[in-house]
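# An overview of the molecular structure
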There are 2 protein chains.
Amino acid sequence: MRITLLAGGIGAARFLRGLVAATPEADITVIGNTGDDLTLYGLRVSPDLDTVMYTLGGGNDEARGWGRADESWNALAEVTAYGATPSWFGLGDRDIGTHLVRNALLSEGRTLTEVTQALTQRWRLPFTLIPMTNDRVETHVVVDDPDEPGKQRRLHFQEYWVRHHAELAVADIRFEGIENSEPAPGVLEAIQNADVIVFPPSNPVVSIGPILAVPGIRDAVRNAHAPVIGLSPIVGGAVVRGMADKLLPAIGVDTSATGVALHFGSRTDQGLLDGWLVDEQDADAVERVQAAGIACRARPLLMNDVPLATDIARATLDLAAEVTK
Amino acid sequence: MRITLLAGGIGAARFLRGLVAATPEADITVIGNTGDDLTLYGLRVSPDLDTVMYTLGGGNDEARGWGRADESWNALAEVTAYGATPSWFGLGDRDIGTHLVRNALLSEGRTLTEVTQALTQRWRLPFTLIPMTNDRVETHVVVDDPDEPGKQRRLHFQEYWVRHHAELAVADIRFEGIENSEPAPGVLEAIQNADVIVFPPSNPVVSIGPILAVPGIRDAVRNAHAPVIGLSPIVGGAVVRGMADKLLPAIGVDTSATGVALHFGSRTDQGLLDGWLVDEQDADAVERVQAAGIACRARPLLMNDVPLATDIARATLDLAAEVTK
């Protein structure tokens with residue numbers, strides 16, 4: 001069975017641990033969001049690709065949710081001592097090792113696809129991880145300037161997210177460079193050849209959103225022969241993790257399991273979803289989502305450990321089988 | 001008193017500690033060798049500038065002689081785990097912090113002079129540290145290829161020095177890019193306006209050599225009104241530190257206190273030196289060096305601690321005063 005995921009960071013990574021446990025034989029391709037990528041001190045950093053890689057490679061910090069286990073922070077302490085900005089981004093020493101290798105390969109002219117392949121080799125991932133694009137796309141957030149009332153400022157998504165803790169009012173979200181980007185090699189094929197396509201519970205605005213916005217990807221998903229099953233990142237009316245509740249209103253989407261399903265839309269109506277899983281707490285969403293032409297089931301969706309994530313992956317594949325009939 | 005030094009790494013740094021102690025009021029400019037600079041994982045590294053900066057800023061590892069005190073090595077361990085090359089260069093995590101700041105500033109378009117000024121501010125150096133040039137110059141060593149007898153290979157000096165421990169037979173030494181390089185701002189002025197010019201006991205071939213090879217610098221030294229005093233890096237017929245004994249023969253220079261003095265030559269004869277200090281063990285060199293037109297004194301030259309280095313700095317200034325009369 002060929003399974004293709006559109007993945008952000010931690011939500012996708014935790015779902016993937018369950019998926020790999022549920023279907024060890026499956027041929028899984030993970031299309032990673034690169035809209036969060038940023039340049040720090042001249043180094044190109046790919047936070048979402050790295051979170052997936054570290055988590056599935058067993059090198060992640062489980063409690064923190066991002067970055068490396070057994071991490072030290074001496075390089076960043078020095079950067080701060082020099083008074084250099086930005087020092088708000090958490091770059092651990094081990095993590096920097098990854099960025100140095102990425103940087104070396106990119107500066108040799110290799111593509112991010114090639115670099116990601118080289119990096120993931122070490123971690124022996126039980127799937128193929130590819131970036132959504134090899135072109136530079138950056139998610140920027142237009143916010144009300146905290147220093148100058150009435151004025152707006154544009155920030156890199158990571159600066160908004162990490163430095164400002166998503167506390168500034170968002171006026172707009174832009175994927176810079178997206179119009180001229182192309183899907184990376186293998187992306188469209190992975191969608192076209194899939195038996196199941198999954199939207200894990202990643203941020204619909206800034207994780208799944210940029211992937212779908214790369215020209216050609218949304219159409220490929222819509223035209224795929226495989227069923228497309230999504231998992232709600234909203235549980236009990238709140239985000240499980242992260243701050244999607246700050247971003248959904250900015251694109252006019254209700255912060256609810258139903259709201260996100262309707263945002264992606266039904267494939268029967270020019271949308272993307274065949275199926276949608278909501279948490280048991282959101283069982284009241286089932287009827288409304290189904291009425292919109294999306295098969296919907298309520299299941300426990302909190303991925304607190306790998307066995308729970310495995311159950312969720314099984315429920316996802318069950319729903320895919322159901323809608324395929 | 002204005003004192004200008006042509007500096008390599010550790011030898012210059014140890015001399016400088018003595019000089020600062022001996023003449024706290026002096027206005028000192030240090031022209032640093034950048035021929036050792038190299039690009040590692042896309043980061044520009046300036047080993048000699050950093051050794052001077054760390055040592056005089058009190059942030060160096062005293063026992064190792066290079067890099068930072070209280071250092072950790074996690075980033076490099078990761079780079080090695082990825083199987084990336086080169087991992088032979090010792091990049092500690094704290095040291096990487098310096099390179100990240102340098103990299104960020106260079107990628108903003110700042111010159112190495114500006115970057116060095118920004119970095120040294122933190123360390124409150126009691127002198128001005130400037131690179132010999134803002135252009136990219138790299139010292140390469142042509143060696144007999146250890147894998148293919150009869151063939152030659154060209155290595156970056158650091159690769160020859162650190163990776164191969166200077167154990168390959170050297171056929172040639174080249175300063176790549178030197179013909180088109182220009183002295184960095186302030187370099188010629190520091191030489192022209194100096195009251196004393198010092199060649200500390202740095203490597204004459206790959207530390208002092210590249211500085212003098214930047215077009216305009218050798219002539220500026222030769223035409224300076226200040227006396228030029230050098231310190232022998234060879235004590236008792238052997239190098240005090242480093243592996244200059246491997247490099248001197250490659251440029252046809254005898255590995256002795258006399259050999260190096262004659263290599264620089266007397267200003268009375270189109271050369272560079274007015275005075276030369278040799279160690280007491282090399283007292284027999286005095287006569288021959290003086291016969292070549294260079295005032296020569298034998299003094300204890302081993303800089304095992306700051307008081308000893310201070311005595312050596314005083315002896316240097318004494319000889320400068322003597323030859324000025």
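Here, residues in each chain are numbered from 1, in the same order as that chain's written sequence. To label them, take the chains in the order written and letter them from A, then take the ligands in the order written and number them from 1. This being a predicted model, a pLDDT of at least 70 is required before a residue's local features are given, and a value of 80 or more before pairs of side-chain atoms are given or counted; all residues contribute to the totals for chains, interfaces and linings. The basis for every side-chain value is the complete set of heavy atoms in the structure, and neither hydrogens nor water enter the calculation.

A few words on the packing of aromatic side chains. Pairs of aromatic rings are described using the distance from one ring centre to the other and the angle between the two planes. Pairs were defined over the aromatic rings of Phe, Tyr and Trp, the Trp ring being its six-membered one, requiring ring centres within 6.5 Å. Orientation was assigned from the angle between planes: stacked under 30 degrees, edge-to-face over 60, tilted for the rest. With the rule as written, the count across this model stands at 16 aromatic pairs over all chains. An angle of 70 degrees between the planes, with centres 6.4 Å apart, marks the rings of Trp123(A) and Tyr82(B) as edge-to-face. Taken together, the residues Trp123(A) in helix 5 (residues 112-123) and Tyr82(B) in the loop between helix 3 (74-81) and helix 4 (93-107) connect one chain to another. Each member of the pair Trp123(A) and Tyr82(B) is classed as buried. Relative to Tyr160(A), the ring of Phe157(A) lies with its centre 6.4 Å away and its plane at 45 degrees, an arrangement referred to as tilted. In this pair, Phe157(A) and Tyr160(A) both sit in helix 6 (residues 157-163), three residues apart, roughly one turn of the helix. Across this residue pair, the class does not change: Phe157(A) and Tyr160(A) are buried. To sit over a ring, a charge needs its Lys NZ or Arg CZ within 6 Å of the ring centre and within 35 degrees of the ring normal. Positioned above the aromatic ring of Trp66(A) is the side chain of Arg64(A), whose terminal nitrogen or guanidinium carbon lies 4.9 Å from the ring centre. Each helix corresponds to a stretch of at least 4 residues labelled H or I by DSSP, and each strand to a stretch of at least 2 residues labelled E; elements are numbered beginning at the N terminus. Note on exposure labels: buried denotes an accessible area under 20% of the residue type's maximum, exposed denotes more than 50%, and partly exposed covers the range between, all computed with a 1.4 Å probe on protein chains only.

To continue, consider the nonpolar core. Only buried Ala, Val, Leu, Ile, Met, Phe, Trp, Tyr and Cys residues count toward a nonpolar core, and they belong to the same one when joined by side-chain atoms within 4.5 Å. Counting residues in each nonpolar core, the largest one holds 117 residues, and the members touching the most others are Ile28(B) and Phe127(B). Excluding its chain neighbours within four sequence positions, the residues that come into contact with Phe127(B) are Leu16(B), Val20(B), Ile28(B), Val30(B), Val52(B) and Leu56(B). Two residues qualify as a contact provided that any one of their heavy atoms is within 4.5 Å of a heavy atom in the partner residue.

Residue and element names in this part refer to chain A. Spatial strand order, 5-2-1-9-10-13-14: seven strands in an open sheet with parallel pairing. One side of each edge strand has no neighbouring strand; the edge strands of this open sheet are strand 5 (128-131) and strand 14 (295-299). Each strand axis lies, on average, 20 degrees off the axis of its neighbour in the sheet, ignoring direction. Pairs of strands are assigned from DSSP output, requiring at least two bridges between the strands. Two elements, strand 2 (residues 27-32) and strand 5, share four bridges in a ladder whose sense is parallel. Bridge pairing links Gly32 to Pro131 in strand 5. Lines fitted to C-alpha atoms define the axes here, with helix axes fitted over just the stretch in contact, and angles between the N-to-C directions of these axes take values from 0 to 180 degrees. The strands touched by helix 1 (residues 10-22) are strand 1 (2-7), strand 2, strand 9 (196-199) and strand 10 (228-231); relative to strand 1, the strand with the most contacts, the crossing angle is about 165 degrees.

Below, the discussion takes up the relation of the copies chain A and chain B. The atoms used to superpose the copies are C-alpha atoms, taken from residues with pLDDT of at least 70 in both, and the fit is least squares. Each copy superposes on the other: chain A lies on chain B with an RMSD of 0.0 Å after a rotation of 180 degrees and an axial shift of 0.0 Å. When the rotation and shift are considered jointly, the pair of chain copies conforms to a two-fold rotation axis. Within chain A, Asp93(A) has its C-alpha nearest the rotation axis, a separation of 3.0 Å. The residues that chain A uses at the interface reappear at the interface of chain B in 100% of cases, marking a shared surface.

A few words on the domain arrangement of chain A. Residues and elements named next belong to chain A. Structurally, chain A comprises domain 1 (2-33 + 180-324) and domain 2 (38-125). Facing the 14 residues of domain 1 at the interface are 11 residues of domain 2. Buried area: the sum, over both parts, of the accessible surface (1.4 Å probe) that disappears when the two are put together. When domain 1 packs against domain 2, close to 980 Å² is buried across both sides, 58% of that on carbon and sulfur atoms. Salt bridges, as used here, are contacts in which a Lys or Arg side-chain nitrogen is within 4 Å of a carboxyl oxygen on Asp or Glu. Between Arg14 and Glu62 there is a salt bridge, with the nearest N and O atoms lying 3.9 Å from each other. Boundary definitions for the domains trace back to an automatic or database domain assignment.

Looking now at the pattern of salt bridges. Enumeration according to the criterion identifies 40 salt bridges over all chains in this entry. Where Asp172(A) meets Arg174(A), a salt bridge forms, and the shortest distance between an N and an O atom there is 3.3 Å. Between Asp311(A) and Arg314(A) there is a salt bridge whose closest N-O contact spans 3.6 Å. With Asp311(A) and Arg314(A) both in helix 13 (residues 306-324) and three residues apart, this pair spans about one turn of that helix. Exposure remark for Asp311(A): the relative accessible area of 44% places this residue in the partly exposed category. Look at the salt bridges and you will find they share partners, linking Arg68(A), Asp70(A), Arg94(A), Arg122(A) and Glu78(B) into a network.

A few words now on the side chain of His99(A). Residues and elements named next belong to chain A. Along the chain, the position of His99 falls in helix 4 (residues 93-107). Under the relative-accessibility criterion, His99 is labelled buried at 0%. Polar contacts here mean pairs of N or O atoms no more than 3.5 Å apart (in protein, one a potential hydrogen donor and the other a potential acceptor; neighbouring residues in sequence count only if both atoms are side-chain atoms). A polar contact is formed between the side chain of His99 and the side chain of Arg102, at a distance of 3.1 Å. Setting aside its immediate chain neighbours within four residues, His99 contacts Leu43, Arg44, Val45, Asp50 and Leu91.

Before going further, it helps to spend a moment on the pairing of strand 9 (residues 196-199) of chain B. All names here are of chain B. Where burial is concerned, the two faces of strand 9 agree: the one with Val196 and Val198 and the one with Ile197 and Phe199 are both buried. Across three bridges, strand 1 (residues 2-7) lies against strand 9 in parallel orientation. Within strand 9, the position partnered with Thr4 by the bridge is Ile197. The pairing of strand 9 with strand 10 (residues 228-231) spans three bridges and is classified as parallel. Bridge pairing in strand 10 places Phe199 opposite Gly230.

Our focus in this paragraph is helix 4 of chain B. Residue and element names in this part refer to chain B. Expected span of a helix: the number of residues minus one, times 1.5 Å. With 15 residues, helix 4 extends 21 Å between its outermost C-alpha atoms, agreeing within 8% with the 21 Å of an ideal straight helix rising 1.5 Å per residue. The buried fraction of helix 4 is high, at 13 of 15 residues. Where helix 4 terminates, the next one or two residues include Gly109, which has phi positive at roughly 95 degrees.

Here we take up unusual backbone geometry. With a phi close to 55 degrees, Tyr41(A) is a non-glycine residue in the positive phi region. Here Tyr41(A) is to be found in the loop between strand 3 (38-40) and strand 4 (43-45).

It is worth spelling out the side chain of Asp36(A) at this point. Residues and elements named next belong to chain A. Secondary-structure assignment places Asp36 in the loop between strand 2 and strand 3. Positive charges are assigned to Lys and Arg, negative charges to Asp and Glu, while His and the chain termini are left out of the count. Of the side chains with opposite charge, Arg44 lies nearest to the buried Asp36, which makes no salt bridge, at 10 Å. Once residues lying within four places of it in the same chain are set aside, the contact partners of Asp36 are Pro47, Asp48, Thr139, His156, Phe157, Gln158 and Val206.

Moving on, we come to the packing of helix 4 of chain A against helix 3 of chain B. Look at helix 4 of chain A against helix 3 of chain B: their axes get within 7 Å of each other, and the N-to-C directions meet at 45 degrees. As judged from the angle between their axes, helix 4 of chain A and helix 3 of chain B are oblique. Judged by the twist between their axes, the crossing of helix 4 of chain A over helix 3 of chain B is right-handed. The residues of helix 3 of chain B that touch helix 4 of chain A, namely those facing Asp93(A), Arg94(A), Ile96(A), Gly97(A), Leu100(A) and Val101(A), are Asn74(B), Ala75(B), Glu78(B) and Val79(B). Angles below 35 degrees are treated as roughly parallel, those above 145 as roughly antiparallel, those between 65 and 115 as roughly perpendicular, and all remaining angles as oblique. Two helices that cross are described as forming a left-handed crossing if the nearer one is turned anticlockwise from the farther one by less than a right angle, and a right-handed crossing if clockwise.

Attention now goes to the environment of Thr39(B). All names here are of chain B. With respect to the helices, strands and loops of the structure, Thr39 is situated in strand 3 (residues 38-40). Excluding residues within four positions of it along the chain, Thr39 makes contact with Arg44, Arg136 and Glu138. Within polar-contact distance, the side chain of Thr39 engages the side chain of Arg44 at 2.6 Å. Of the polar contacts made by the side chain of Thr39, one reaches the side chain of Arg136; its length is 3.4 Å.

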